[in-house]
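Listed here are the chains, written in short residue letters.
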Amino acid sequence: MSAVDKVASEAPPVEAVPKRSMTLGTGASLLMLALLIIGPMFVKNFIVFQLTMLLIYALAVLALNILTGGSGQFSLGQSAFYAVGAYTSAILMEHFGVNYALTLPVAGLICFGFGFLFGQPALRLSGIYLALATFALAVAMPQLLKLGVFEHWTGGVQGLVVTKPDAPFGLPISQDRWLYYFTLTIAIGIYIASVNLLKSRSGRAFMAIRDNEIAASAMGVDVALYKTLAFGVSAGITGVAGGLGAIAVQFVAPDGYTITLAISLFLGMVVGGVGWLPGSIVGSAFIIFVPNIAEGISKGLSGAVFGVLLFLVIFLVPHGARQVAIVAQQMLGKLTKG
Amino acid sequence: MRFIQLRLGAFSAAVAMLAATSSGALAQKKYDTGASDTEIKIGNIMPYSGPASAYGVIGKTEEAYFKKINAEGGINGRKINFISYDDAYSPPKTVEQARKLVESDEVLFIFNPLGTPPNSAIQKYLNSKKVPQLFVATGATKWNDPKDFPWTMGWQPNYQSETQIYAKYILKEKPNAKIGVLYQNDDYGKDYLKGLKDGLGAKAASMIVMEESYEVSQPTIDSHIVKLKSSGADVFMNITTPKFAAQAIKKNMEIGWKPLHFLNNVSASIGSVMKPAGFENGQDIISSAYLKDTSDPQWKNDAGMKAFDEFLTKYFPEGNRIDASVMYGYTVAQGLVHVLKACGDNLTRENVMKQAASIKDLELGGLLPGIKVNTSATDFAPISQVQLIRFKGETWERFGEILGADATN
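Residues numbered from 1 in each chain as written. Chains lettered and ligands numbered in written order. Predicted model: local features only at pLDDT ≥ 70, side-chain atom pairs only at ≥ 80, totals over all residues.

Some remarks on the overall build of chain B
On a plain count of helices and strands, chain B comes out with 14 helices and 13 strands. Projecting the C-alpha coordinates of chain B onto the three principal axes gives extents of approximately 100 × 45 × 40 Å. Taking all 409 residues of chain B together, the buried fraction comes to 49%. Put simply, 70% of the contacts in chain B that link residues at least 6 apart link residues at least 24 apart. (Helix = DSSP H or I, 4+ residues; strand = E, 2+ residues; numbered from the N terminus. Buried ≥ 20, exposed ≤ 12 C-beta atoms within 10 Å, placed from the backbone. Contact = placed C-beta atoms within 7 Å.)

Structure below.
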């Protein structure tokens, strides 16, 4: 009985999701897109701001989805990458006067590098051990940001205040609306790129690793490279989300990027459906709006109410929004036939 | 039927005329979003969940106090509608909640939001929207900045001025002291340390013989105390939160270290520090205070304390009397009621700030005798006075004059 047998007989940590079902049909995609474009025109600035945060967290959940749903690796450290992205954007904007739009690719690249490097030691770990290693990263990050050495740049515990950008070319729309459409454009771009990535050769390699590492390497997939690559891509997208988050919230501080954020993102991924990219936005909506609903029901017991709601979701629809979507599709199919 | 309609018409015409004539007399009634003839909407943000949730009781106390005000007829006939949200001490969430309060609930102003990072996150937003961020619940020094942030105002004495006062005392009473400092490694601890160094001035480097820091997550600080004793320090600057403060006092006695002991105001509580540490171990510790300690027997027959107890039994029976946060919330809510009463019928955001910045010698039941709230257009630090206290027997004995922060600057 060798170690190889043991690994091979172990069930894969993430249930296999066929490639086609990782995305949404064309009709549904267009409908969703139209909603996201037209919806914010008729609501208050505050709701536009919430929708912007919805898109930003959706990006971060999507990034985790590529890592977990795509390549089958767990991460509880996404808040660390999000923080690095946020701080990169904030420092570039406030200390160097760089245009906000230009800080995002930089944030993405730095986080990609950071994630890729972190992926190296993580290669030796898998499943729950990897989750713990990334957990350590998330716990360490807020304290690292407080370190006196970086204080000149990070502002220490006081954080950094970021200036919100105005709409360019004198467009007659408010800052919030402009930021929303700016975020939406980036989010759509990243979504399309992610869908294509998972459909590509690299995406197939990710999924092969997810389903069975040994079989994948037997087929000639460079397991080490693709695993770290998945980490890098995921961290990069999270970094862009973090940068956008810093611009939207106009403030970065260590307390904003604690382990709670990482767990929220993980929660969003599970609620949205692991491995189902469109579910990211549903998961994001869950982590933004459900705590508010819970607080509305009972202020003193908001945590408990949130727990009950979460439990209901996991119990009734264990595969998250994906399951709901599939059921809806089947019912629609029956209706059109009948 | 027609007759009735006619009469109704005539009646409404009369009402319209009445309104037209009386509007002249009521010209002073001015409102911004969030205020009306019947209601004043106030927003608040508290960490009801998360790492700082122990402070959530401040929000609950304030809610209870406004319930009392409403039950007694409100402020100039207007009821207070207090909307308090949870931000879990996370700045991005604070921004979301602040925007919700301002743009969706449309409050007149935001009152007493808690914590330095959360308040930093919303300061710029509220100032650009010209919505008052009134009486913030943090001891950081930066809130008194009316020139750059005319819509933000602090409340309690700041941390730096407190250690400046200790420094002044040391320079006067014990000029050759060797000071050992123990502080919590975060913004609160560092702010205190900075005040001490500023207060000692050029002598700071030679007088402070050891600086020890601890993390909140540590179970005990015993080893730090042993280290501080071995440094030969004869003055102990104890900048710790209640749990650690009690440990330090006990450990000092255990290892027989008897320095001149300064304890920061954060932990100057009889109920949660001095009693658990043992009264006999805490004799002669020096601290400072601006609020009455609810567990101190000397206030038993004090009028302010009696009013506080009455409020607790009638409107907030679930409140823990010896929790200093309850007294804090009670006092700051009283301060706000004073400002709103002063606003009269002119409830604009501008007038709220104007009245908040013109408090003169206001005395509140929870403040130590002689300590007064004062503000002006250039002074956005409402409470800047404290008094030194020394622990004797089972109570804090006040000594010396009321000390103002201005005197130490």
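Here we look at the overall build of chain A
Each helix and strand in chain A was counted, giving 15 helices and two strands. On C-alpha atoms alone, chain A measures out to a radius of gyration of 20 Å, which is about the 20 Å that the 2.2 N^0.38 rule sets for 338 residues. Across its three principal axes, chain A shows a C-alpha extent of roughly 60 × 60 × 45 Å. Of all 338 residues assigned to chain A, the portion counted as buried reaches 49%. Expressed as a percentage of contacts within chain A between residues at least 6 apart in sequence, the contacts between residues at least 24 apart total 79%. (Rg over C-alpha atoms; globule rule 2.2 N^0.38 Å.)

Considerations on the interface of chain B and chain A
With 21 residues of chain B at the contact, the number on the chain A side is 21 residues. Among the elements that make up the side of chain B that touches chain A, the one with the highest residue count is helix α3 (residues 91-104) of chain B (eight residues). Among the residues forming the side of chain B that touches chain A, the class breakdown is nine nonpolar, four polar and eight charged. (Nonpolar A, V, L, I, M, F, W, Y, C, P; charged D, E, K, R; others polar.)

A short note on the confidence of the model for chain A
When pLDDT is averaged along chain A, the result is 84; 92% of the residues meet or exceed 70. Looking at the elements of chain A, mean pLDDT is at its lowest for helix α1 (residues 3-9) of chain A, recorded as 43, and at its highest for helix α4 (residues 78-96) of chain A, recorded as 92. (pLDDT = per-residue confidence, 0-100.)

Points about the packing of helix α5 (residues 100-122) of chain A against helix α11 (residues 223-249) of chain A
Residues and elements named next belong to chain A. Across the interface, α5 lies against α11 with an axial gap of 6 Å and an inter-helix angle of 145°. The handedness of the crossing between α5 and α11 is right-handed. Residues that form the contact of α5 with α11 fall into these classes: 15 nonpolar, 13 polar and one charged. (Axes fitted to C-alpha atoms, helices over the stretch in contact; angles between N-to-C directions. Left-handed = near helix turned anticlockwise from the far one by under 90°.)

Description of the sheet that holds strand β3 (residues 79-86) of chain B
Each strand in a sheet pairs with another by means of backbone hydrogen bonds, the pair being arranged parallel or else antiparallel. All names here are of chain B. Read across the open sheet, the four strands follow the order β3-β2-β4-β5; overall the sheet is parallel. At either margin of the open sheet sits one strand with a lone partner, and together these are β3 and β5 (133-134). Note that strand β2 (residues 39-46) and β3 share eight bridges and pair parallel. Within β3, the position partnered with Ile42 by the bridge is Phe82. (Pairing = 2+ DSSP bridges.)

Observations regarding the confidence of the model for chain B
The predicted model of chain B averages 87 in pLDDT, with 92% of residues at 70 or higher. Interface confidence in the predicted complex, given as ipTM, is 0.76; pTM for the same model is 0.79.

Re the environment of Gly139 of chain B
All names here are of chain B. Tracing the chain through its elements places Gly139 in the loop between β5 and α5 (159-173). Taking the C-alpha atoms as reference points, Gly139 and Tyr192, separated by 53 residues in sequence, lie 9.8 Å from one another. Gly139 has contacts with Gln156, Asn158 and Tyr159, leaving out every residue within four places of it along the chain.

A look at the pairing of strand β6 (residues 179-184) of chain B
Residue and element names in this part refer to chain B. Taken across its six residues, β6 has six buried, putting it largely inside the fold. Taking every second residue as pointing to the same face, both faces of β6 are buried, with Ile179, Val181 and Tyr183 on one and Gly180, Leu182 and Gln184 on the other. By the bridge criterion, six bridges tie β6 to strand β7 (residues 208-214) in an arrangement that is parallel. Note that in β7 the partner of Gln184 across the bridge is Tyr214. In this sheet, strand β8 (residues 235-239) lies alongside β6 in parallel orientation, the contact comprising five bridges. Looking at the pairing, Leu182 lines up with Asn238 of β8.

Notes on helix α8 (residues 222-230) of chain B
Residue and element names in this part refer to chain B. For α8, the full list of buried residues reads His224, Ile225 and Leu228. For α8, the arc enclosing every buried residue in end-on projection is 100°, short of the 170-degree limit, so these residues lie on one face. Residues of α8 that are exposed and angled more than 90 degrees away from the buried face: Ser223 and Ser230. In this structure, the buried residues of α8 make contact with β6, β7, β8 and α9 (242-254). Just downstream of α8, Gly232 is the residue with a positive phi angle, here 85°. (Arc of directions from axis to C-beta.)

Things to note about the packing of α5 of chain B against helix α6 (residues 187-200) of chain B
Helix packing for two helices is described by the angle between their axes and how far apart those axes are. Residues and elements named next belong to chain B. Where α5 contacts α6, the axes come no closer than 7 Å and their chain directions differ by 40°. Once α5 is placed against α6, the crossing between them reads as right-handed. Touching Tyr159, Gln160, Ser161, Glu162, Thr163, Gln164, Tyr166, Ala167, Lys168 and Leu171 of α5 are Tyr188, Asp191, Tyr192, Lys194, Gly195, Leu196, Asp198, Gly199 and Leu200, all from α6. Across the contact of α5 with α6, the residue classes tally to eight nonpolar, six polar and five charged.

Overview of the environment of Gly303 of chain A
Here Gly303 of chain A shows up in helix α14 (residues 302-316). Here Gly303 of chain A falls in the partly exposed class, since 18 other C-beta atoms lie within 10 Å of it.

Things to note about unusual backbone geometry
In this model, Gln250 of chain A sits at a positive phi of 65°, which is unusual for a non-glycine residue. The backbone of Asp361 of chain B sits at a positive phi, close to 50°, despite the residue not being glycine. Counting through the fold element by element, Asp361 of chain B comes out in the loop between α13 (349-356) and β12 (385-392).

Things to note about the environment of Gly245 of chain A
Residue placement: Gly245 of chain A occurs in helix α11. Remark: the alpha-carbon pair of Gly245 of chain A and Met53 of chain A, spanning 192 residues in sequence, is separated by 7.0 Å.

Quick look at the nonpolar core
If you look at the biggest cluster of nonpolar residues, it comprises 208 residues, and the most contacted ones within it are Leu59 and Ala60 of chain A together with Ile110 of chain B. Here this core takes 17 residues from helix α3 (residues 45-71) of chain A, the largest share from any one element. Residues contacting Ile110 of chain B, with those up to four places away along its chain left out, are Gly43, Asn44, Ile45, Ala98, Leu101, Leu126, Val131, Gln133 and Leu134 of chain B. (Core = buried A, V, L, I, M, F, W, Y, C linked by C-beta atoms within 7 Å.)

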